[in-house]
Amino acid sequence: MDATRQQADFDALIASDGRVEPRDWMPEGYRKTLIRQIAQHAHSEIIGMQPEGNWITRAPSLRRKAILLAKVQDEAGHGLYLYSAAETLGMSREEMLDLLHAGRQRYSSIFNYPTPTWADVAAIGWLVDGAAITNQVPLTRCSYGPYARAMIRICKEESFHQRQGFESLLQLSNGTPEQHEMAQDAVNRWWWPSLMMFGPPDDDSPNSAQSTAWGIKRFSNDELRQRFVDICVPQAETLGLTLPDPDLVWNAERGHYDYGVIDWTEFQQVLKGNGPCNRQRIAVRRQAHSDGAWVREAAAAYAAKKQAAAVTEAA
Amino acid sequence: MSTPPTPLWEVFVRPARGTNHVHVGSLHAADATLALQNARDLYTRRNEGVSIWVVRSVDITASSPEEKDSFFEPSADKPYRHPTFYTIPEGVEHL
Amino acid sequence: MTSSAPANAEVAAYAIRLGDDALILSHRLSEWSAHAPQIEEDIALSNIALDLLGQARTLLTYGGSYSGRSEDDLAYLREERQFTNLQLTEIENGNFAVTMIRQLLFSCYQHELYRDLESSRDAQLAAIAAKAVKEVAYHVEHASTWIIRLGDGTELSHDRAQAALETVWPYSHEMFADDELARRIADLGVGPLPSGLRPAWLGSVQDVLTEATLTLPDDDWKPTGGRKGLHTEGFGYLLAEMQHLHRSHPGAQW
């Protein structure tokens, strides 16, 4: 089978909105782009456990504690589904973790912000999970089969998380003056970083065109960002909280909300590693990984012993 | 610090009596007992009445008539293009 | 599910005691989040923590209803000397071996306890036990699986597992100490006498430890006091962390 024919078959598969499966021929660029994107997504879930997990032991009611424990556990599970999808493309989980710990594979920079108050957990549920869902629903139709299927599974669980966050924020906003202030303060800090989750403006996104052509990306960064803003504005009204953007206003002509200019220099700094929590987030993973080495080695040693014993018995 | 590899397992779940086992994904575990426990936690959240199979990925033989990738031998093949399925000679970089 | 309050103060105190055990151990386990040896274990430990938290909530709600106190009133507004959990549940997580040994010893006890409680004269406790016994069977399985691998894994893991056993074992005795409340509860047919649970518990535990090539420690030191509200020094720090936010906003809803 020659290269032109393989490329033509791949192109036809993409054009017909079919699914590429692990054993199909694929352009090297497609494979590499997907590995990078899926790994980044997986790492994000695992790192994302930290800012929220920060409040598990201090949750102010047993019900909230249970909800938060379950949510963080789901995030670990989502990470595993995604590592599983990425591994079908030829990179092992061990390799991906090594790259994460070495700072050579990324995760969503939203998780480099701290959660100094309880209300931050609620704000993350509403805004960060909301943005993630806006990003993720189109990915359920991504051209790569294993990734699309992982996303379907994840989206089912994620909507529950967002609703919990919204409900918690609503409770705080309608609670005591201190709780209301805590909620407003958290929203003030998480709004702009959530908008940045959708990535740079379309004009500054050199890889977008190729990802779109490959069926990995279904909508542009700006399209998704606009969708998110339009959803959040009425929700903020329900919450009784204001969004920290004086330029946020309904544009009847466009049929969308206009919003203010994003300060991308902050985003660049956080991407570079100079956000508030970058070093801490990675340090925690490195520590957990090295602290756990003796446990993983014990399991491997035991398995080897049992296999050797089985071989001897069979002989 | 690099990590020693833990075996990869494929997970199949039968969600209810009368249905088939369906492939739901993969996970890493040192042995079958741990694989089964992990699969239960990850893919079923321990719902009752669910049956789980775990199989080492290396033990799966795959073939597909639609495959066109010449990198693979046509018979007795592997489900993924996974590096640990293949023995790489020492000294080869970036693999 | 509507339920009646406990028949008397003793049954209420008993339910709270069991609830405290589950609450505090759940809290300790939740401290592992994002720090476990592998991601699969983060999920497993959270599962156990969630199961125990669920047990705690039903037990505390039930026990607290006798005196008009909610689960949160009990969890967040009592002081150190008012908690009646076993000291075993509050000891620090230590390394993974300590956590797994603690889990094995406690879950084997809970298994015997809940199996007996399924036939309690108190309908509510019987119902709680019927659900919990299935969860706890899984906890026992999980802890056993790990103890066997740590004990019979590498030389390092074996040494750490044995050291963990030496550390945790002394706290196991309190589980089987009969105090006045325990005797009353047994007389009422509401719950088992703790000392009666020990032989079966020891059998199960020994089977696992033997397979793990671990040696049973001596029964010299037997710390106690949890049931009377006398806790370890670390317990105050645990409560401070757990209760601080709730106490900072008196009367607030979350």
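The structure reproduced in this document is the subject of the present report. Quick caveat, the model's predicted, so the values are computed rather than measured.

What counts and what doesn't
- Residues numbered from 1 in each chain as written.
- Chains lettered and ligands numbered in written order.
- Predicted model: local features only at pLDDT ≥ 70, side-chain atom pairs only at ≥ 80, totals over all residues.
- Heavy atoms only, no water.
- Helix = DSSP H or I, 4+ residues; strand = E, 2+ residues; numbered from the N terminus.
- Rg over C-alpha atoms; globule rule 2.2 N^0.38 Å.
- Buried < 20%, exposed > 50% of the residue type's maximum accessible area, 1.4 Å probe, protein only.
- Areas by Shrake-Rupley, 256 points an atom, 1.4 Å probe, with all protein chains shown as cover.
- Lys, Arg positive; Asp, Glu negative; His and termini not counted.
- Charge placed at Lys NZ, Arg CZ, Asp CG, Glu CD.
- Phe/Tyr/Trp six-rings, centres within 6.5 Å; stacked < 30°, edge-to-face > 60°.
- Polar contact = N/O pair within 3.5 Å; in protein donor to acceptor, adjacent residues only side chain to side chain.
- Contact = heavy atoms within 4.5 Å.
- Buried area = accessible area lost by both parts, 1.4 Å probe.
- Salt bridge = Lys/Arg side-chain N within 4 Å of Asp/Glu carboxyl O.
- Core = buried A, V, L, I, M, F, W, Y, C linked by side-chain atoms within 4.5 Å.
- Nonpolar A, V, L, I, M, F, W, Y, C, P; charged D, E, K, R; others polar.

### Points about the overall build of chain A
Then step 1. On a plain count of helices and strands, chain A comes out with twelve helices and two strands.
Then step 2. Ordered by position from the N terminus, the helices and strands of chain A form the series α-α-α-α-α-α-α-α-α-β-β-α-α-α.
Then step 3. Over its C-alpha trace chain A gives a radius of gyration of 22 Å, about what one expects of a compact globule, namely 20 Å for 315 residues.
Then step 4. Every one of the 315 residues in chain A was classed for burial, and the buried ones make up 59%.
Then step 5. When the accessible area of chain A is evaluated, it comes to approximately 12,900 Å², of which 54% is carbon and sulfur surface.
Then step 6. Measuring between centres, the 33 positive side-chain charges of chain A sit 7 Å from its 39 negative side-chain charges.

### Some words on the packing of aromatic side chains
We describe a pair of aromatic rings using the distance from one ring centre to the other and the angle between the two ring planes.
Residue and element names in this part refer to chain A.
Then step 1. Taken as a whole, this structure holds 19 aromatic pairs over all chains when the rule is applied.
Then step 2. Where Trp55 meets Trp118, the ring centres are 6.4 Å apart and the plane angle is 75°; that geometry is what we call edge-to-face. Here the residue Trp55 occupies a position in the loop between α2 (28-53) and α3 (62-87), and Trp118 occupies one in helix α5 (residues 118-139), the gap between them amounting to 63 residues. In this pair, the class of Trp55 matches that of Trp118, namely buried.

### Some points on the environment of Tyr30 of chain A
Residues and elements named next belong to chain A.
Then step 1. Structurally, Tyr30 can be placed in helix α2.
Then step 2. Residues Tyr30 and Asp74, spaced 44 residues apart in sequence, show a C-alpha to C-alpha distance of 29 Å.
Then step 3. Within the structure, Tyr30 has its side chain in polar contact with the side chain of Ser143 (distance 2.8 Å).

### A few points about the environment of Gln40 of chain A
Residue and element names in this part refer to chain A.
Then step 1. The topology assignment puts Gln40 in helix α2.
Then step 2. Sequence separation of Gln40 and Leu82 is 42 residues, and the distance between their C-alpha atoms is 9.3 Å.
Then step 3. Setting aside residues no more than four positions away along its own chain, Gln40 makes contact with Arg106, Tyr107 and Ser108.

### Brief notes about the interface of chain C and chain B
Then step 1. On the chain B side, the residues contacting the twelve residues of chain C number twelve residues.
Then step 2. For the pairing of chain C and chain B, the buried interface totals around 1,200 Å² over both sides, and the portion due to carbon and sulfur atoms is 43%.
Then step 3. If you sort the residues of chain C by the area they bury against chain B, Glu40, Tyr138 and Arg149 of chain C come out on top, with a joint share of 43%.
Then step 4. Counting across the interface, chain C meets chain B through two salt bridges.

### Here we look at the side chain of His78 of chain A
Residue and element names in this part refer to chain A.
Then step 1. On the secondary structure map, His78 appears in helix α3.
Then step 2. Engagement of the side chain of His78 in a polar contact is seen with the side chain of Glu157, the distance being 2.6 Å.
Then step 3. Contact partners of His78, with chain neighbours within four places excluded, come to Glu45, Ile154, Glu157, Glu158 and His161.

### Points about the side chain of Gln37 of chain B
Then step 1. Note that Gln37 of chain B resides in helix α1 (residues 32-44).
Then step 2. Among the polar contacts listed, one links the side chain of Gln37 of chain B to the side chain of Glu141 of chain C, at a separation of 3.4 Å.
Then step 3. Setting aside chain neighbours within four positions, we find Gln37 of chain B in contact with Tyr138, Glu141, His142 and Thr145 of chain C.

### Examining the nonpolar core
Then step 1. If you look at the biggest cluster of nonpolar residues, it comprises 189 residues, and the most contacted ones within it are Tyr30, Trp118 and Tyr144 of chain A together with Leu23, Tyr109 and Trp201 of chain C.
Then step 2. Per element, the largest residue contribution to this core is 13 residues, and it comes from helix α5 (residues 96-117) of chain C.
Then step 3. The residues touching Leu23 of chain C, leaving out its near neighbours within four places in the chain, are Leu62 of chain A together with Leu53, Ala56, Leu60, Ala75, Phe83 and Met242 of chain C.

### A look at the interface of chain C and chain A
Then step 1. Opposite the 47 residues of chain C that make contact, chain A presents 45 residues.
Then step 2. A combined buried area of about 4,000 Å² lies between chain C and chain A, and 67% of that area is made up of carbon and sulfur atoms.
Then step 3. Here chain C is connected to chain A by two salt bridges.
Then step 4. Close ionic contact of Lys305 of chain A with Asp152 of chain C constitutes a salt bridge, the shortest N to O distance being 2.8 Å.
Then step 5. Where the side of chain C that touches chain A is concerned, the elements lending two or more residues are α1 (9-30), α2 (39-65), α3 (71-77), α5, α6 (123-151), α7 (155-168) and α10 (233-248) of chain C.
Then step 6. Broken down by element, the residue count for the side of chain C that touches chain A peaks at eleven residues, all from α2 of chain C.
Then step 7. Split into classes, the residues belonging to the side of chain C that touches chain A amount to 22 nonpolar, 14 polar and eleven charged.

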